[in-house]
Amino acid sequence: MRRKLAAGNWKMNGLSAQIEVLNDLINRHPAPTVDLLICPPATLVGAAATATAGTPLMIGGQDCHTATSGAHTGDISAEMLGDSGAGAVILGHSERREDHGEEDALVAAKTTTVQAAGLIAVVCIGETLAQREGGETLNVIKAQLAGSIPADAAADTLVVAYEPVWAIGTGKIPTLAEIAEVHDFIRAELTARFGADFADKIRLLYGGSVKPTNAEEIFAVSNVDGALVGGASLKAEDFSGIITALEAS
Ligand code: PGA
C-alpha cells in the first residue's frame, strides 16, 4: 500500500514568524498516519528543518539547479537543500514553468539530480485552461509525464503531482470524474513505461485549490494518494483539516 502524503507548498510566502505554523501542525498531529511535507521558501528551509527535527513533518524545497555546485549565481542545489535538512524538492511547478520557462527536459534533469542527492522529487504536471477546453488534457499530461520523468527514475523517491494550472489559487477544481480520469491515466502511463511494480509505488497527488472543505471528496477519488496544497498550507488550521481528511480517507 502507498502511504498517503499531504504536502504543502508555501511558494514565495513566509518570514521567520511563519515557522510557528510548523510547531502548531506538529502539536495538532504528533503521530500522523499519513506522510507530511511542507516546502517553505529556501530562506526558511534550515530553520524549518531545525524546528521539525525528530518529528514526522518533513521539510522540502520548491526548486533546485541541475548541478551539485558551481558558478550559478542565485541558484541552490539539491545537495544544499539536503544539507539544510530538506527531504524532498518540488520540481516543474507550473509557476516555475511559467515564470522561468522551465521545460520538461530541464525538469527531468532536476529529477535525476534530486534523486541522486537522496531526496524525494515531487514532479508537477498539469494542463492550462485552454488545453482543457481544447480537449488536449490527456495529450498534455502524457507528454509532460514522458518528458519530465527521466528513464532512470527511482520509484522509491518519486512523487507525481497533477495540478491543473487553471485550478491553482483560483478556488476552482475539476470535477471528481475529471480528476479520476487524469489520475487513472497517469497510473496507466507509468505502468506502461516502467511496469506495475514501479507504478504502484508512486504517490499521485492532486493539487489546485485543495481546502479542508473539498479535501474529503477529492481524497475519495481513485488513484489520489494525497494533495499538494498551496494557499491552505499557510495556516495550520486549514492544513490540519486537510491532513485529517486524508487520514480518514
Ligand atoms: P493552491 O496551490 O492550493 O493555492 O491552489 C497549489 C499549488 O500550486 O501547489
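As a starting point, this report considers the structure included with it. What you are looking at is a predicted structure, and each value in this text was computed from that prediction instead of being measured.

### Details of the site of the ligand
Link 1 in the chain: Lining the immediate surroundings of the ligand are 13 residues, of which Lys11, His93, Glu163, Gly169 and Ser209 lie closest.
Link 2 in the chain: A distance of 2.7 Å separates an oxygen atom of the ligand from a polar atom in the side chain of lysine 11.
Link 3 in the chain: Glycine 169 places a main-chain nitrogen or oxygen 2.6 Å from an oxygen atom of the ligand.
Link 4 in the chain: The fraction of the free accessible surface of the ligand (280 Å²) that becomes covered by protein chains is 97%.

### Side note on the packing of helix 1 (residues 19-28) against helix 11 (residues 236-248)
Link 1 in the chain: Interhelical geometry of helix 1 versus helix 11 gives an angle of 35° and a closest axis separation of 9 Å. The handedness of the crossing between helix 1 and helix 11 comes out as right-handed. Residues Val21, Asp24, Leu25 and Arg28 of helix 1 pack against Ala236, Glu237, Phe239, Ser240 and Ile243 of helix 11.
Link 2 in the chain: Considered class by class, the residues forming the contact of helix 1 with helix 11 number 5 nonpolar, 1 polar and 3 charged.

### Observations concerning the sheet that holds strand 8 (residues 226-229)
Link 1 in the chain: With respect to topology, 8 strands assemble into a closed barrel ordered 1-2-3-4-5-6-7-8, the strand pairing being parallel. Across the sheet, the axes of successive neighbouring strands diverge by a mean angle of 25°, strand direction being ignored.
Link 2 in the chain: Looking at chain direction, strand 3 (residues 57-61) and strand 4 (residues 88-91) are connected through 2 bridges and run parallel. Pairing of glycine 60 across the sheet is with alanine 88, part of strand 4.
Link 3 in the chain: Its contacts with the sheet place helix 7 (residues 137-148) against strand 5 (120-125) and strand 6 (158-162), and it is angled at close to 150° to strand 5.

Each value, and the rule that gives it
Residues numbered from 1 in each chain as written. Predicted model: local features only at pLDDT ≥ 70, side-chain atom pairs only at ≥ 80, totals over all residues. Heavy atoms only, no water. Near = heavy atom within 4 Å. Polar contact = N/O pair within 3.5 Å; in protein donor to acceptor, adjacent residues only side chain to side chain. Areas by Shrake-Rupley, 256 points an atom, 1.4 Å probe, with all protein chains shown as cover. Axes fitted to C-alpha atoms, helices over the stretch in contact; angles between N-to-C directions. Helix = DSSP H or I, 4+ residues; strand = E, 2+ residues; numbered from the N terminus. Left-handed = near helix turned anticlockwise from the far one by under 90°. Contact = heavy atoms within 4.5 Å. Nonpolar A, V, L, I, M, F, W, Y, C, P; charged D, E, K, R; others polar. Pairing = 2+ DSSP bridges.

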